[in-house]
Structures are given as structure tokens and as C-alpha cells.
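As a plain string of letters, each chain reads:
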Amino acid sequence: MRRPGDREAPIAVPAQQVPQSCYWWTDPDGALCLLPGCLARINDPDAACTCRTLASRLTRAEERLAEAAERERYASTWWAALRAAVDAHPARDEILSNARRRAGR
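On a predicted model such as this, the values are computed, not experimentally measured, just so you know.

The rules behind the values
- Residues numbered from 1 in each chain as written.
- Predicted model: local features only at pLDDT ≥ 70, side-chain atom pairs only at ≥ 80, totals over all residues.
- Heavy atoms only, no water.
- Helix = DSSP H or I, 4+ residues; strand = E, 2+ residues; numbered from the N terminus.
- Buried < 20%, exposed > 50% of the residue type's maximum accessible area, 1.4 Å probe, protein only.
- Contact = heavy atoms within 4.5 Å.
- Areas by Shrake-Rupley, 256 points an atom, 1.4 Å probe, with all protein chains shown as cover.
- Pairing = 2+ DSSP bridges.
- Salt bridge = Lys/Arg side-chain N within 4 Å of Asp/Glu carboxyl O.
- Axes fitted to C-alpha atoms, helices over the stretch in contact; angles between N-to-C directions.
- Parallel < 35°, antiparallel > 145°, perpendicular 65-115°, else oblique.
- Lys, Arg positive; Asp, Glu negative; His and termini not counted.
- Patch = residues over 30% accessible without salt bridge, like charges linked within 9 Å, V, L, I, M, F, W, Y side chains within 5 Å.

Caption draft 1: Expanded view of the overall build of the chain. Within the chain one finds 3 helices and 3 strands. Along the chain, from the amino end to the carboxyl end, the secondary structure elements read β-β-β-α-α-α. Evaluated residue by residue, the chain yields a buried proportion of 15% over its 105 residues. Within the chain, counting contacts between residues at least 6 apart in sequence, those at least 24 apart form 14% of the total. Within the structure as shown, the chain displays about 8400 Å² of accessible surface, and the carbon and sulfur contribution to it stands at 57%.

Written out as C-alpha cells, the structure reads:
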């Protein structure tokens with residue numbers, strides 16, 4: 001998602017304006033520049049911003065949500081494959097009864 005001040009959407013700023021966090025901007029000659037506001041970006045301009053701004057917190061939350069959704073998709077696929085394997089097994093009823101007993105049901 002493009003946000004003003006990101007590398008993909010830099011904002012031209014006057015020389016008197018000082019940003020509160022990491023900020024991509026274009027100088028009067030049109031060159032793309034980064035003013036780092038956190039240690040992560042000082043070391044690597046392409047790293048994720050760790051400034052405590054609302055936009056950076058939202059970006060990190062969106063990344064964690066996407067990672068959780070990927071883990072959920074993987075777990076769902078694994079569960080479906082495991083259930084299909086148990087259903088195809090000759091001792092299906094015994095396996096399910098054993099699993100219910102272990103789960104306390």
C-alpha cells in the first residue's frame with residue numbers, strides 16, 4: 001500500500017520542514033532521498049521502518065496479520081490432509097476414538 005512519504009510515494013518538502021520519523025522525499029533537483037528516523041533505516045534504507053508513528057505501526061500490524069493468515073492457511077491445508085488420511089485408514093474408528101479420548105471428550 002502506498003502512503004505519502006513512502007519510497008514509492010515521496011513528498012516534496014520545503015527545507016524548513018523536519019519530519020518526525022523516517023521520510024522519503026524529493027529534493028528540489030528531483031533526487032530521491034531518505035531522512036532516517038530510526039536505527040533500522042540508518043543501517044539499511046530498505047529495511048522496515050521501526051519509528052513509533054501510526055503509519056509504521058499499521059504497516060507492522062498488517063504484516064503480522066498477513067503472516068497469521070498464511071499460518072492459518074497452512075494449518076487448514078495440513079488438517080484437511082490429515083483428516084483425509086485418517087478417513088482412508090482401515091482403523092479409522094479406532095484412531096478417532098483414541099484421539100477423542102486423548103482430547104478428553
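Caption draft 2: Spotlight on the pairing of strand S3 (residues 32-35). Where strand S2 (residues 23-26) and S3 come together, 4 bridges link them in antiparallel fashion. Counted as the bridge partner of tryptophan 25 is cysteine 33 from S3.

Caption draft 3: Here's a closer look at the pattern of salt bridges. If you walk through the whole model with that rule in mind, you get 4 salt bridges. Measuring nitrogen to oxygen at the nearest pair gives 2.9 Å for the salt bridge that ties glutamate 70 to arginine 73. Within this pair, glutamate 70 and its partner arginine 73 are both found in helix H2 (residues 54-88), separated by 3 residues, close to a single helical turn. Between aspartate 87 and arginine 83 there is a salt bridge, with its nearest N and O atoms 3.2 Å apart. Here aspartate 87 pairs with arginine 83, and both are found in helix H2, just 4 residues apart, close to one helical turn. For arginine 83, a relative accessible area of 31% corresponds to the partly exposed category. Three or more residues are tied together by salt bridges with common partners; here these are Arg83, Asp87, Arg92 and Asp93.

Caption draft 4: How the structure looks around the packing of H2 against helix H3 (residues 92-102). Contact pair H2 / H3: the axes reach a minimum separation of 7 Å and the direction vectors enclose 130°. One finds that H2 runs oblique with respect to H3. Together, Arg83, Val86 and Asp87 of H2 and Arg92, Ile95 and Leu96 of H3 make up the contact between the two elements.

Caption draft 5: Summary view of the side chain of arginine 60. Topologically, arginine 60 is positioned in helix H2. Glutamate 63 provides the closest opposite charge to the buried, unpaired arginine 60, separated from it by 6.8 Å. Beyond its immediate stretch of four places on either side in the chain, arginine 60 contacts Cys49, Thr50, Cys51 and Arg52.

Caption draft 6: A nonpolar patch on the surface, seen in detail. On the surface, Tyr74, Trp78, Trp79 and Leu82 cluster together into a nonpolar patch covering about 540 Å² of accessible area. Mapped onto the elements, tryptophan 78 comes out in helix H2. On the basis of relative accessibility, which here comes to 54%, the residue tryptophan 78 falls in the exposed class.

In short, shape yes, function no, at least from these values alone.
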